[in-house]
Amino acid sequence: MLNVQKSFAMVSAIVAVSIGSGALAQTAPTVKSATLGVVDRDKVITSFNKAQSAAEELKKTEESVRKLLEDSNKQYEEAKNAKKPPAELEGLQKRLQTKIDDEYKKAQAKAQNLETQLETDIDSAIKAEAASRKLDTVLMKGAVLLGGTDITDGVVKRLGASASATSKSVTK
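Owing to the predicted nature of the structure, the values given are computational and were not obtained by experimental measurement. Every chain is numbered independently, its residues counted from 1 as its sequence is written. This being a predicted model, a pLDDT of at least 70 is required before a residue's local features are given, and a value of 80 or more before pairs of side-chain atoms are given or counted; all residues contribute to the totals for chains, interfaces and linings. Water and hydrogen atoms play no part in the side-chain values, which are based on all heavy atoms of the structure.

### Looking at the nonpolar core
Piece 1. By convention a nonpolar core is built from buried Ala, Val, Leu, Ile, Met, Phe, Trp, Tyr and Cys residues, the set being connected through side-chain atoms within 4.5 Å. Any residue under 20% of the maximum accessible area for its type is buried, any over 50% is exposed, and the rest in between are partly exposed; the area is computed with a 1.4 Å probe on protein chains only. Of all hydrophobic cores here, the largest spans 15 residues; its most connected members are Val 155 and Leu 159.
Piece 2. For this core, the elements supplying multiple residues, two or more each, are helix H3 (49-81), helix H4 (86-132) and helix H5 (152-171).
Piece 3. The element that contributes the greatest number of residues to this core is H4, accounting for 6 residues.
Piece 4. Sequence-distant contacts of Leu 159, defined by excluding residues within four places in its chain, comprise Val 44, Phe 48, Asp 121, Ile 122 and Ala 125. Comment: elements are numbered from the N terminus, with helices defined as DSSP H or I runs of at least four residues and strands as E runs of at least two. Contact between two residues is taken to exist if any of their heavy atoms lie within 4.5 Å; hydrogens are not considered.

Below is the structure:
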């Protein structure tokens, strides 16, 4: 009789837990699954005309600094071959180095400024595309093994539209 009571108590407990968990499942709020987007940032950058223009501009700036360096070296070597006094050579070297350093700093600032502008434009386009598709999260395509909605083409279109709108406002 004692075993029957233990068995009955055990079955009652299992039934109570089952009923309780069923009730909890029905009344518990459902958790919304996050919607995930992915973007191929390399494709976005290579498709973004403003990024290509910035790369060309930086290449010209880099070439300008390289030419300045070559000209400065040539000027110093000419002064050295002309047997200028050491004090004059030292002064010339300092002036030339200062000029090179200034141009290099300007080039770095320009590169940083262009990079910041591009990042802002690209991030804004990604956010706008994600919002229009009601995505909660966007990750780099290379970081996602499986799943996610690819928004790359939409981002590229937005950047193209923003670039043409910017050029229209500039030409007016």
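That shown, we press on.
### What about H4?
Piece 1. Here the expected span of a helix is defined as 1.5 Å times the quantity of residues minus one. Counted at 1.5 Å a residue, the expected span for H4 with its 47 residues is 69 Å, and the 68 Å between its end C-alpha atoms agrees.
Piece 2. Buried residues of H4: Leu 89, Leu 92, Leu 96, Ile 100, Ala 107, Leu 114, Leu 118, Ile 122, Ala 125, Ile 126, Glu 129 and Ala 130, and no others.
Piece 3. Looking at the residues trailing H4, positive phi occurs at Lys 134, about 55°.

### A look at the layout of surface pockets
Piece 1. Buriedness for pockets is judged along seven lines, at least five of which must meet protein on both sides within 12 Å for an open set on the 1 Å grid over protein atoms alone, while cavities are sets there where a 1.4 Å probe fits but cannot get out, and lining residues have an atom within 4 Å of a point. Grid points are joined across faces, edges and corners, and a volume is the space filled by probe spheres set on the points. The calculated volume of the largest pocket comes to roughly 160 Å³.
Piece 2. Considering the residues around the largest pocket, the lining is formed by Ile 45, Ala 51, Gln 52, Ala 54, Ala 55, Leu 58, Ala 111, Leu 114, Glu 115, Leu 118, Glu 119 and Ile 122.
Piece 3. Of all the elements in the fold, those that place two or more residues in the lining of the largest pocket are H3 and H4.
Piece 4. In terms of residue class, the lining of the largest pocket is built from 9 nonpolar, 1 polar and 2 charged. We call Asp, Glu, Lys and Arg charged. Ala, Val, Leu, Ile, Met, Phe, Trp, Tyr, Cys and Pro are nonpolar, and the rest, Gly among them, are polar.

### Considerations on unusual backbone geometry
Piece 1. Backbone geometry places Lys 83, a non-glycine residue, at a positive phi of 60°.
Piece 2. Take Lys 83: it is sitting in the loop between H3 and H4.
Piece 3. The phi torsion at Lys 134 lies on the positive side, around 55°, for a residue other than glycine.
Piece 4. The residue Lys 134 is located in the loop between H4 and strand S2 (137-140) in this model.

### Observations regarding the sheet that holds strand S1 (residues 36-39)
Piece 1. A sheet is described by the order of its strands in space; here 3 strands give the open sequence S2-S1-S3, paired in parallel fashion. Looking along the sheet, the strands with just one partner apiece sit at the ends: S2 and strand S3 (149-150).
Piece 2. Two strands are said to pair when DSSP picks up at least two bridges between them. Pairing between S1 and S2: 4 bridges, direction parallel. In the sheet register, Val 38 faces S2, and the bridge partner there is Leu 139.

### Side note on the confidence of the model for the protein chain
Piece 1. A residue-level look at the protein chain finds 74% of positions with pLDDT of 70 or above and a mean pLDDT of 81.
Piece 2. With pLDDT under 50 throughout, residues 1-31 is counted as low confidence; its partners more than four residues away or in other chains account for 0 contacts.
Piece 3. A residue's pLDDT is the predictor's confidence in that residue, given on a scale from 0 to 100. pLDDT under 50 marks residues 168-172. Its contacts with residues more than four places away, or in other chains, come to 0 contacts.

### Re the pattern of salt bridges
Piece 1. Here, a salt bridge means any side-chain nitrogen of Lys or Arg that lies within 4 Å of a carboxyl oxygen of Asp or Glu. Across all of its chains, the model carries 14 salt bridges by this definition.
Piece 2. Between Arg 41 and Asp 123 there is a salt bridge, and its shortest N-O distance comes to 3.1 Å. With Arg 41 in helix H2 (residues 41-47) and Asp 123 in helix H4, this residue pair connects regions lying 82 residues apart in the sequence.
Piece 3. For Arg 41, a relative accessible area of 14% corresponds to the buried category.

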